[in-house]
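# Analysis of the macromolecular model
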Amino acid sequence: SGDRIVFAANDNYWGEKLPYETCTMRVIVEASSRTIELETGGVDIAVDIPFSDWSRVEGTDGITLVSGQTDVLASLVFNNSLELFQDIRIRQALAYGLDLNALVQTCWEGTADVADSFYAKSLLGYKKEGPMEYNVDKAKELLAEAGYPDGLSFKYTTYQTTLNQTFAEVLQSMWSKIGVNIEIDIVDLATYTQMNNSGELTACLLTPSVAISDPAAALILWPITRTISLRHNDAHIQDLLDQGSSAYDDAARVKAYEELQDYLYEKTYTVPVAYTKFAFGIRDNVDGFEFSSSQVPDLTKVTLR
């Protein structure tokens, strides 16, 4: 309920003794405030430096940017439980209506790569599937086939961050060219989370963390039991997920995951958008900090001078 959690080292822990007695984790929601706290010494390590501040951190004496490629995929997710998105022609039209190169460059400002499959290239069984094609004429053709020759409209809900706002505005601009008009609705994070979990969002940008560098973790959006707004209800996806996660042999896992990526690309329940990069900021008195592609750094080796 507060703005921080203070952890104390356990003297009875069986493993190697920590190099510090306490570790204070502060919750600083506003991205620019995290950078300011790093600059002023309020924190020794800042998590998730906004990419608009990367050059600023790199150019400031006394602090260092520690960045790298993550295992995270940012995806545009359609709510497939809604009648509108149950028509694959609608989903494919919206995918064709996105210039992914321009979208990623505008929204991530050079700190992400256009996604070409459904999880990161570094993970077992990755198979290149895209990127999805940008084709305005094809998008309009599919909308007409689906019964919307004059286009369609729906509400797009998100919560307030610079990335989310920019992403929504780019969607609005690009989709207007194929006759799709979206009303952007900005809500607070708690409301957005509740709407996502209850399946009330029409479409959304989701970037789930991948705490373990394995396809089973990277495909966390896809289990059929998940209640988020993807809601594909496709048993074949679950069968392939189960095959991939239960097999002991890597070759069998690769076979299942390659088939799954082919199937997801065909169905267009989501549009893979970006492979994201991530940055921590550390003060120069911090030693032993290393970047982790999972975005979960190992703090057991960190010391302060």
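Summary of the structure given here. (Residues numbered from 1 in each chain as written. Predicted model: local features only at pLDDT ≥ 70, side-chain atom pairs only at ≥ 80, totals over all residues. Heavy atoms only, no water.)

## Description of the overall build of the chain
This is how the line gets drawn: Strands here mean DSSP runs of E at least two residues long; helices mean DSSP runs of H or I at least four residues long; both are numbered from the N terminus. As a reference, a globule follows 2.2 Å times the number of residues to the power 0.38, and the radius of gyration itself is taken over C-alpha atoms. The contact criterion used is simple: two residues touch if any of their non-hydrogen atoms lie within 4.5 Å. The protein chains shown are the only cover counted for residues, whose accessible areas, like all others here, come from Shrake-Rupley with a 1.4 Å probe. Within this scheme the basic residues Lys and Arg register as positive and the acidic residues Asp and Glu register as negative, but His and the chain ends are omitted. The location of each charge is read from NZ of Lys, CZ of Arg, CG of Asp or CD of Glu.
A tally of regular secondary structure across the chain gives 10 helices and 11 strands. Rg of the C-alpha trace for the chain: 21 Å, near the compact-globule value of 19 Å for 305 residues, within the 12% margin. Considering only intrachain contacts with a sequence separation of at least 6, the fraction spanning at least 24 residues in the chain is 70%. For the chain, the computed accessible surface area is about 15200 Å², with 49% contributed by carbon and sulfur atoms. Distance between charge centroids for the chain: 1 Å, based on 23 positive and 44 negative side chains.

## What to know about the pairing of strand 7 (residues 180–187)
Every regular strand shows the same layout, with side chains that alternate between the two sheet faces. To be explicit about the condition: We treat two strands as partners when DSSP finds at least two bridges between them. The handedness rule is simple: strands pointing away from the viewer, and a clockwise path from the first strand over the helix to the second, make the crossover right-handed.
Of the strand pairs in this sheet, strand 6 (residues 152–159) and strand 7 are connected by eight bridges, and their pairing is parallel. When the sheet's bridge partners are listed, Y156 is paired in strand 7 with I184. As a crossover connection, the stretch from strand 6 through helix 6 (residues 162–176) into strand 7 is right-handed.

## Observations concerning the packing of helix 4 (residues 100–108) against helix 6
The criterion, for reference: Structural elements are reduced to axes, namely lines fitted to C-alpha atoms, with helices fitted over the stretch in contact, and the angle between N-to-C directions of any two is expressed from 0 to 180 degrees. These descriptions rest on fixed angle ranges, namely under 35 degrees for roughly parallel, over 145 for roughly antiparallel, 65 to 115 for roughly perpendicular, and the rest for oblique. Crossings are sorted by hand: turned counterclockwise from the far helix by less than a right angle, the near helix makes the crossing left-handed, and turned clockwise it makes it right-handed. In this count, Pro and Cys sit with the nonpolar residues alongside Ala, Val, Leu, Ile, Met, Phe, Trp and Tyr, while Asp, Glu, Lys and Arg are called charged and the others, Gly among them, polar.
Helix 6 packs onto helix 4 with a crossing angle of 150° between their chain directions and a minimal axis gap of 9 Å. Judged by the angle between their axes, helix 4 and helix 6 are roughly antiparallel. In the crossing of helix 4 with helix 6, the sense of the turn from one axis to the other is right-handed. For the pair helix 4 and helix 6, contact is made by A102, L103, T106, C107 and W108 and by L163, T166, F167, V170 and M174, respectively. The residue inventory of the contact of helix 4 with helix 6, partitioned by class, reads eight nonpolar, two polar and no charged.

## What to know about the packing of helix 9 (residues 235–246) against helix 10 (residues 250–267)
Look at helix 9 against helix 10: their axes get within 8 Å of each other, and the N-to-C directions meet at 155°. Considering the angle they form, helix 9 stands roughly antiparallel to helix 10. The two elements helix 9 and helix 10 meet at a crossing, and its hand is left-handed. Here H236, I237, L240, L241, Q243, G244 and S245 of helix 9 lie close against helix 10, whose contacting residues are R253, A256, Y257, E259, L260, Y263 and L264. The residue makeup of the contact of helix 9 with helix 10, split by class, is eight nonpolar, four polar and two charged.

## Remarks on the environment of T268
Applied cut-off: Using a 1.4 Å probe on the protein chains alone, a residue whose accessible area is under 20% of its type maximum counts as buried, one over 50% counts as exposed, and one in between counts as partly exposed.
Tracing the sequence through the fold places T268 in the loop between helix 10 and strand 9 (270–283). For T268, a relative accessible area of 3% gives the class buried. Once the C-alpha coordinates of T268 and A46 are considered, the two residues, 222 residues apart in sequence, prove to be 36 Å apart. Among all residues touching T268, those that are not within four sequence positions of it are F78, R91, Q92, A95 and M132.

## Some points on the nonpolar core
As a reminder of what qualifies: Definition used in this section: a nonpolar core is a set of buried Ala, Val, Leu, Ile, Met, Phe, Trp, Tyr and Cys residues joined via side-chain atoms within 4.5 Å.
In this structure, L76, W108, F167, W175 and W222 are the most contacted members of the largest nonpolar core, which totals 65 residues. Core analysis: the next-biggest nonpolar cluster, separate from the first, contains 10 residues, V43, A46, W54 and L65 among them.

## Examining unusual backbone geometry
With the exception of glycine, the majority of residues adopt a negative phi angle, and the majority of peptide bonds are in the trans configuration. Along the chain, G130 connects to P131 via a cis peptide bond; the corresponding omega equals 0°. Within the secondary structure layout, P131 lies in the loop between strand 5 (112–114) and helix 5 (136–145). Phi is positive for R231, which is not a glycine, with a value near 45°. Mapping R231 onto the fold places it in the loop between helix 8 (215–218) and helix 9. Residue classification places R231 among the partly exposed positions, given a relative accessible area of 30%. Phi is positive for T268, close to 55°, though the residue is something other than glycine.

## What about the state of the cysteines?
Quick reminder of the rule: Any two cysteine sulfur atoms within 2.5 Å of one another count as a disulfide.
Under the defined criterion, the tally for this structure stands at zero disulfides. In this structure C107 is a free cysteine whose sulfur lies 15 Å from that of C204, the closest cysteine sulfur available. Judged by relative accessible area, C204 falls into the buried class, the value being 1%.

## Here's the deal with a nonpolar patch on the surface
Short version of the rule: Here the term patch refers to residues with relative accessible area over 30% and no salt bridge, with like charges joined within 9 Å and nonpolar side chains (Val, Leu, Ile, Met, Phe, Trp, Tyr) within 5 Å. Take a side-chain nitrogen of Lys or Arg and a carboxyl oxygen of Asp or Glu: if they are within 4 Å of each other, that pair is a salt bridge.
The grouping of I5, F7 and M25 at the surface amounts to a nonpolar patch, some 280 Å² of accessible area in total. Here F7 lies in strand 1 (residues 4–8). We classify F7 as partly exposed; its relative accessible area is 42%.

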